[in-house]
Amino acid sequence: MARIKKDFQIVLISAFLFLVFCSSCGAQLLGMCKFDSIYQLGDSIADTGNLIIESSLGAATPCSRLPYGETYFNHPTGRCSNGLLMIDYVAWEARLPYLNPYLKNGSDFSHGVNFAVTGATALPTSVLAARGVITPFTNSSLDVQLDWMSSFFNATDHAEEVKDALFLVGEIGGNDFNNAFLQGKTIEEAKSFVPDVVQAISHAVKRVIQYGAQRVVVPGNFPIGCLPIYLTAFETNNSTSAYDEFNCLKDFNDFAEYFNERLQQAIEDLRNENPDTAIVYVDYYTAFKWLFSDAFFLGFDPGSLVKACCGVGGEYNFDGARFCGSPGVQACPDPDRLVSWDGIHLTQKAYTLIARRIIHDILPHLHCYA
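Visitor: Help me out: how do you make sense of the pattern of salt bridges in this one?
Guide: Should the charged atoms of two oppositely charged side chains come close, the side chains can pair. Using the criterion set out here, one finds eight salt bridges in the structure. The salt bridge involving aspartate 88 is made with arginine 79; its shortest N-O contact spans 2.8 Å. For the pair aspartate 88 and arginine 79, one class covers both residues: buried. Arginine 357 serves as the salt-bridge partner of aspartate 361, at 4.0 Å between the closest nitrogen and oxygen. Here arginine 357 and aspartate 361 lie together in helix H16 (residues 348-362), a separation of four residues that amounts to about one turn.

Visitor: Could you clarify how one ought to interpret the state of the cysteines in this entry?
Guide: Cysteine pairs can be covalently joined through their sulfur atoms, and such a bond is termed a disulfide. On inspection of all chains with the given rule, the structure shows five disulfides. The disulfide that involves cysteine 310 links it to cysteine 324, with 2.1 Å between the sulfurs. One disulfide, between cysteine 310 and cysteine 324, carries an S-S torsion of 90° and so falls in the right-handed class. Remark: cysteine 324 occurs in the loop between helix H15 (295-298) and H16 and cysteine 310 occurs in the loop between H15 and H16; sequence separation between them is 14 residues.

Visitor: Help me out: how do you make sense of the pairing of strand E1 (residues 37-41) in this one?
Guide: Each regular strand displays side chains that alternate between the two surfaces of the sheet. Across the five residues that make up E1, a large majority, five, are buried. Residues of E1 alternate between two faces, with Ser37, Tyr39 and Leu41 on one and Ile38 and Gln40 on the opposite face, all of them buried. Alignment of E1 against strand E2 (residues 112-114), held across three bridges, turns out to be parallel. Its bridge partner being in E2, glutamine 40 is matched across the sheet by asparagine 114.

Visitor: When you look at the nonpolar core in this model, what are you seeing that I'm missing?
Guide: Within soluble globular proteins, side chains that are nonpolar tend to cluster in buried spots. Residues Ile38, Phe167, Ile201, Leu291, Phe292 and Leu366 are the most contacted members of the largest nonpolar core, which totals 121 residues. When residues of this core are assigned to their parent elements, the largest contribution, nine residues, is made by helix H10 (residues 194-210). For isoleucine 201, the residues in contact, after removing those within four places along its chain, are Ala122, Leu142, Val169, Ile172, Val218, Phe259 and Leu263.

Visitor: Would you mind showing me how to read the pairing of strand E4 (residues 215-219) here?
Guide: Among the five residues that make up E4, five are buried, leaving the element largely enclosed by the rest of the structure. What you see with E4 is no split at all: Arg215, Val217 and Pro219 on one side and Val216 and Val218 on the other are buried throughout. Bridge analysis of strand E3 (residues 165-169) against E4 gives two bridges, and the strand direction is parallel. Considered in E4, the bridge of phenylalanine 167 is made with valine 216. Of the strand pairs in this sheet, E4 and strand E5 (residues 278-282) are connected by five bridges, and their pairing is parallel. Pairing of valine 216 across the sheet is with isoleucine 279, part of E5.

Cut-offs used in this document
- Residues numbered from 1 in each chain as written.
- Predicted model: local features only at pLDDT ≥ 70, side-chain atom pairs only at ≥ 80, totals over all residues.
- Heavy atoms only, no water.
- Salt bridge = Lys/Arg side-chain N within 4 Å of Asp/Glu carboxyl O.
- Buried < 20%, exposed > 50% of the residue type's maximum accessible area, 1.4 Å probe, protein only.
- Helix = DSSP H or I, 4+ residues; strand = E, 2+ residues; numbered from the N terminus.
- Disulfide = S-S within 2.5 Å.
- Pairing = 2+ DSSP bridges.
- Core = buried A, V, L, I, M, F, W, Y, C linked by side-chain atoms within 4.5 Å.
- Contact = heavy atoms within 4.5 Å.

And the structure:
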């Protein structure tokens, strides 16, 4: 009887994995939208190389070194993961090439441009500095990226392509809060930034609509309390009230939900103002939590959900002074078993699974008809 039960469990798990990984194998669902191009604004969740090109400081950041890129490219590309990002999977699903970074001279931009920059913020760095928050790696905030986009469109004739393009505004805003928290701001102080961050994102959506965008995707923030960098920086002995069932910090996840709710309200206002434009919110928060709740079935190690694959030290395998890419810091032998790559960013597998889920979620709202 025990043998039959075990065999049934194996069959059930295999069936579940087949549905997750193969229900859309080769389908490339976004292909039905017939996008000519994709334009991406954002930060390290989407940057395919702008930061490491932008400056000598950017070129010296960890994402410019192995083991970043080791899984897919076998060399670093400026992507802050072991391989592909969500935007890469989105492009593949749309039957388009991977997006080249805007700052890469001589690139083919005929099917879109990636303007995202690792470390970028939604608010201008000068605004954040006036509030006591320093942006360490780049000044290429959302307004700068929008100016790049404007210059690109003004210099080229992409009017027809824009009508059949997908625009992704974010994820952006996460670094405004990451920098604030890690530089000592309280949750209440960070909440005072939320209206301005949301307004900056709303302004960006309005600008891309002015460029002719008809389909705009706006992601929210992840449950930041589940990231090893937060769990290490704000570790507490008050385990009963501070942590949830996944050992994530509840207060920081509650803050992420607070921000996401206000962003969704702003998106609803934008929809009412622009009824002919598909403006779609992407729920990164729920998609990320799904990786935790269904970790075993998705192939992750349930005992390592809040540990970094590439890192060293402590309960979460993370030390900000010895970051992934530093001498002597190695990646885990099987990144596909972990959600977190370096304590801040996710593994290729985690990004791919989230991308698959959100594509299924947003596709009905993009008004694409085969």
